[in-house]
Amino acid sequence: MTRPATARWSLFLFVLPALAVYLLFAVVPLFSSIVMSFFDTDGEAGNLFVGLSNYVYLFTQPVVSARFWNALANSAKYFAVHVIVEVPIGLLLAALLTSGVLRRSEGVYRTLLFIPATLSVVIVGFIWRLIINPLWGLVGFPLLGNPSTALTTISLMSVWQYVGIPMVFLYSALLAVPNDLVEASRLDGASPWRIFWDIKFPLIVPQFGLIVILTFIWTFNGFDLVFALNGSAPGPNYSTDILGTFFYRSFFGSSGQVADLDIGATVATVIFTIMLLVTGGYFWLVQRRLRAHMV
Amino acid sequence: MRWKPARTTLAILALGVSIASIATAAMAEPVTLTLGSWRTEDLAIWQDQVLPAFEASHPDIKVEFAPVNTNEYNAAIQSQIEGGTGPDLITCRPFDVNNEWIGRGYFASLDGLAGLANFTDTAKAAWTVDGATYCVPVAAVLAGFFYNIDIFNELGLTPPTTAAEFTTVLQKIQDSGKYTPLAEGSSESWQLAYNGLYSIGPAYWKGEEGRLGLIDGTKKLTDPDFVAAFAAFQAWKPFLPSGQEALSYSDMTQLFTLGRAAILPDGSWNINQVTSTGLNVGVFGPPAVEAGGQRYLQEMPDMAIGINAASAKQDAAKVFLDWVSGPEFQQIYVNSAPGFFAMSNQAVTYDNPLAQHFADLKTGALLTPRLALDRLSAGTPPLDDEIWRQLQVMMTSDTTPETVTGELQTGLASWYGPQQAK
C-alpha cells in the first residue's frame, strides 16, 4: 500500500520538532566545534584560519601532549575496568534474574540493583569517598591518594553505580529467548550452565556486543564522577585524568590554567574522531557479522 | 465594542507612567555608580553596611553593587567592557588576569588619588604595571597555623617561633600518642602549596627577594634556598595523620575541629569554620629559620577596585575610591567579612579576636604574596599548577626535594623568558 502524499508530509511534521532540537543542540554545535578547531579565535587579529596548527600544538607541545596521551591511556583503563567488571557482572545478574531461582523476589532484586544508576554522581562520589576515607571510613589504605589505585577505585565506584544498565539490557534480551528451546534442552538433560552458554548466550550475542560498544561510548565520554571526586585537574599526579576532564580543563580552564577555546575544540574533535573510528570500526567489522541464531 | 476603549485607556496610562518615571530619573540629583564584583556572598555586606556608610557622607553619589558568579566574573567583565557596557567600577583580580586587563586599557589612571599613599608598594604590587597602580587594594588573605590551645596547655607547649622549635613541638605532640600533630592531607593539592609551602617557604627564600628573583631570572628553583624550603615542607611527613594521601581539605578541618589534631596549617578565610565547634583556637605564624631570624608572612592580595576607563563618571568614581582607601571603609569591610584583612598601613581593629590575632602576626613580619602567581604562571606549564602537582607527588611518594625543584625549574625555563637567558 502506498501512502498518500499528505500522510508522508504529516510524518515529516511529526518528526520535525525533535529533529529541530537535535539539529540545533547537537549537530550544529558539533560541526561548529570542528570548524573552530581550525581557527585561532582569541588572537589579536580576531578569527584567523590556522589550518592544523591547533592539532600540531596538541600533539607536539611537550607538556600538553604528555597530558593528552596520559588522559587517553587513563580513559582506556577506565573502559577496560568497565568491560572486565561491569559487563560480566551485569550478564551474571541478568542470567540469575531470568533463571527462575529467585522466584517472586525477582522484581525486588531488579529494582534494588538498578537504583544506584538513578542516583546523582555527586551523591555516589560523596558516599564512596566517606566509605573509603582512611580517617572515618572502612579502609585504612588511601585508595584515592595512591596513583596506582586511584583510577581503578573510581572506575569501580562507577561500576557499582551503573551495573544495573547492562543488567536490564541483557535481562530484556534473555527474556526474549524462546522458552521452548530452553525446555527442549532441559528435557535432553542439559545442565543450567550448559543451557546458558550453549542456548541462551549465543542468542543474545548481538545485544552483548552492543552493550560493550555502548560502554565504550559512555566511558570515553566519562567526566562527571572524576570531576565530582577530584576536580578538573584530577590527581594524584594526573593519575585519574581522563579525556573528559582533560577537555574540560582545556576549554573552561582550571585554577591555574587559562581557558583556550580553540584548543578545547581541538581536543573535543580528537575525542569525537576516536569514538567515531572505534564505533564505526566495530559496527563494520564485528557487529554486522554477529547474527543471533535464527530460530 | 467594549474592549477598544479599555485598551486605549491602558495605553495612555502606560505612557503616563513611563513619562513620569523618565521625569523622576532626570530630576534625581545623585550620580549612580555601578560596582562589578565576583563576591556574590558579599551582597548583604555592601548593601547594608558599606554603601550606606559611604552614601551618608556623600549624598550626591549612589553606588550599586552588581556581583556576578565567581567563575563567570572574568569572562563577564571582559565581554561587557569590550561591548561598552562595563560597570563604572571594576573589582580587580590579583596579578596576571589584572595585568592582562591593564594591558588592554580597561582601567582609568589613578594618578593624583591621594588615598594610594596609604598602601606600601608590596600591597599595590598585584595591581601595578610599570610603576603605575590601577586599583585601590581592598582586602588580602593571610596564611598561618591554627592551634588547639587546650591541647597545647595540656602538653605544656608554647607556639613555636623557629623551625627547630616547630619540629620539637610536633615531636612532643607525636610522643604524647593522643593527638595527631598536624591536620594535613595531600588529596587537595592546592592547599599543600597555599597553606603549606607558600607559608613556611618565604622564611627560606627570603620572601620578596626570592619571589622577585624568580621573576627577573636572577634566582632559580634549584637554588639551595628553594630546595631547603621544599625540604622543610617534606619534613612534615612523619607528623601527618595516617592515610593522609587521601584526606581532603574538609577532612583536615574536621580532624582539627573535633580536637583530634593539634595544629592546622590553613588560610585566614577558614576562621569561622575552625571556631564553629567552640574550640579554643589560637594562631601562630610560620616560624623563622633560626632564633632571632626574620619572620615572614604570606599576605595574598585578593581584591582591589579600579575605574573603568570608558565610564562617563570618572570624578564620582575617584571620590568613591578615595573613600575606599581610607580607614572607615577598611574597618567596616574587614569586620563584616572575617578572614579578610585590610592592606593599608593605617591601623584597623578587628572585632573577631582570632582575626585580630591573625592581623597581629603582620607586626614585625615581612609580607609576601604566594610564590608563583605573578607572571610565572602565564604560560604552559603554569608554575603554580606544577608546584601543586609536584608537592602532591613529594608528599605521597619518596620523591626528593632536589628532584621536584629540578623538574619545576625545567618546566619554568621551557617557556619563561627571563629564566631562559641564564
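Analysis parameters
Residues numbered from 1 in each chain as written. Chains lettered and ligands numbered in written order. Predicted model: local features only at pLDDT ≥ 70, side-chain atom pairs only at ≥ 80, totals over all residues. Helix = DSSP H or I, 4+ residues; strand = E, 2+ residues; numbered from the N terminus. Buried ≥ 20, exposed ≤ 12 C-beta atoms within 10 Å, placed from the backbone. Contact = placed C-beta atoms within 7 Å. Axes fitted to C-alpha atoms, helices over the stretch in contact; angles between N-to-C directions. Parallel < 35°, antiparallel > 145°, perpendicular 65-115°, else oblique. Left-handed = near helix turned anticlockwise from the far one by under 90°. Nonpolar A, V, L, I, M, F, W, Y, C, P; charged D, E, K, R; others polar. Domains from an automatic or database assignment. Pairing = 2+ DSSP bridges. Core = buried A, V, L, I, M, F, W, Y, C linked by C-beta atoms within 7 Å. pLDDT = per-residue confidence, 0-100. Arc of directions from axis to C-beta.

The subject of this paragraph is the overall build of chain A. For chain A, the helix and strand inventory stands at twelve helices and two strands. The N-to-C order of helical and strand elements in chain A reads α-β-β-α-α-α-α-α-α-α-α-α-α-α. Counting only C-alpha atoms and orienting by the principal axes, one finds that chain A spans roughly 80 × 70 × 30 Å. Taken over 295 residues, chain A has a buried fraction of 30%. Put simply, 67% of the contacts in chain A that link residues at least 6 apart link residues at least 24 apart.

Across its full length, chain B holds 19 helices and eleven strands. For chain B, the C-alpha atoms occupy an extent of roughly 90 × 55 × 50 Å along the three principal directions. For chain B, with 422 residues in total, the buried portion stands at 46%. Taking the contacts inside chain B whose residues are at least 6 apart along the sequence as the reference set, 77% of them involve residues at least 24 apart.

To continue, consider the packing of helix 3 (residues 62–99) of chain A against helix 7 (residues 164–175) of chain A. All names here are of chain A. Look at helix 3 against helix 7: their axes get within 8 Å of each other, and the N-to-C directions meet at 45°. As far as their axial angle goes, helix 7 and helix 3 are oblique. Regarding helix 3 and helix 7, the two cross each other, and that crossing is right-handed. Where helix 3 approaches helix 7, its residues Glu86, Val87, Gly90, Leu91, Leu93, Ala94, Ala95, Leu97 and Thr98 are matched on the opposing element by Pro166, Met167, Leu170, Tyr171, Leu174 and Leu175.

Residue and element names in this part refer to chain A. Closest axis-to-axis distance for the helix 11 (residues 243–252)/helix 12 (residues 261–285) pair is 7 Å, and the angle between their directions is 160°. Regarding the angle of helix 11 to helix 12, the classification is roughly antiparallel. Between helix 11 and helix 12 lies a crossing of left-handed hand. Judged by residue contacts, Leu243, Phe246, Phe247, Ser250 and Phe251 of helix 11 engage Leu261, Ile263, Gly264, Val267, Ala268 and Ile271 from helix 12. Residue composition of the contact of helix 11 with helix 12, by class: nine nonpolar, two polar and no charged.

The subject of this paragraph is the domain arrangement of chain B. All names here are of chain B. Under the domain assignment used here, chain B contains domain 1 (30–140 + 302–359) and domain 2 (142–299 + 366–420). For domain 1 versus domain 2, the distance between C-alpha centres works out to 29 Å. Taken together, the contacts link 14 residues of domain 1 with 20 residues of domain 2. In terms of residue count, the dominant contributor to the side of domain 1 that touches domain 2 is helix 16 (residues 353–360) (four residues).

The next thing to look at is the pairing of strand 6 (residues 135–148) of chain B. Residues and elements named next belong to chain B. With respect to burial, strand 6 is a largely interior element, 13 of its 14 residues being buried. Sheet analysis places strand 6 next to strand 10 (residues 295–307), joined by seven bridges and oriented antiparallel. Its bridge partner lying in strand 10, Leu142 is registered against Glu299. Judged from the five bridges that link them, strand 6 and strand 8 (residues 261–267) form a sheet pairing that is antiparallel. Paired with Phe146 across the bridge in strand 8 is Leu264.

Let's shift gears to the domain arrangement of chain A. All names here are of chain A. Structurally, chain A comprises domain 1 (5–53) and domain 2 (61–289). Distance from the C-alpha centre of domain 1 to the C-alpha centre of domain 2: 29 Å. At the interface, eight residues of domain 1 touch six residues of domain 2. Secondary-structure elements contributing two or more residues to the side of domain 1 that touches domain 2 are helix 1 (5–36) and strand 1 (39–43). Here the side of domain 1 that touches domain 2 takes four residues from strand 1, the largest share from any one element. Each residue belonging to the side of domain 1 that touches domain 2 can be placed in one class, and the counts come to three nonpolar, three polar and two charged.

This part covers the nonpolar core. A general trend in soluble globular proteins is that nonpolar side chains are found buried together. In this structure, Leu197, Ala229, Leu264 and Ile305 of chain B are the most contacted members of the largest nonpolar core, which totals 147 residues. Considering each element in turn, this core owes the most residues, ten residues, to strand 6 of chain B. Among all residues touching Leu264 of chain B, those that are not within four sequence positions of it are Phe145, Phe146, Ala183, Met252, Thr253, Phe256 and Val274 of chain B. Formed by 16 residues, the second largest nonpolar core is a distinct cluster that contains Tyr162, Met167, Phe169 and Ile204 of chain A.

In this section: the environment of Gln80 of chain B. All names here are of chain B. Along the chain, Gln80 turns up in helix 3 (residues 73–82). In the structure, Gln80 is positioned 92 residues away from Lys172 in sequence and 57 Å away in space, judged by C-alpha atoms. The contacts of Gln80, once residues within four sequence positions are left out, are Thr85 and Gly86.

Residue and element names in this part refer to chain B. Looking at chain B as a whole, the pLDDT averages 89, with 93% of positions reaching at least 70. Confidence, expressed as mean pLDDT per element, reaches its minimum in chain B at helix 1 (residues 3–27) with 46 and its maximum at helix 11 (residues 224–234) with 97. For the stretch residues 1–27, pLDDT sits under 50, and the model shows zero contacts to residues farther than four places along the chain or on other chains. As a predicted assembly, this complex carries a pTM of 0.84 together with an ipTM value of 0.82.

In this structure, Ser250 of chain B sits in helix 12 (residues 249–257). Taking the C-alpha atoms as reference points, Ser250 of chain B and Gly185 of chain B, separated by 65 residues in sequence, lie 9.7 Å from one another.

All names here are of chain B. Residue Pro381 is bonded to the preceding Thr380 through a cis peptide linkage, with omega at 0°. Its location among the elements puts Pro381 in the loop between strand 11 (365–368) and helix 17 (383–396). The backbone phi angle of Asp130 is positive, close to 50°, even though this residue is not glycine.

Residues and elements named next belong to chain B. Burial in helix 3 covers these residues: Tyr73, Ile77 and Ile81. In an axial view of helix 3, the angular spread of the buried residues amounts to 50°, which keeps them on one side of the axis. In helix 3, the exposed positions angled more than 90 degrees off the buried face are occupied by Ser79 and Glu82. In this structure, the buried residues of helix 3 make contact with strand 1 (31–37) and strand 3 (89–92). Gly84 sits one or two positions beyond helix 3 and adopts a positive phi of about 80°.

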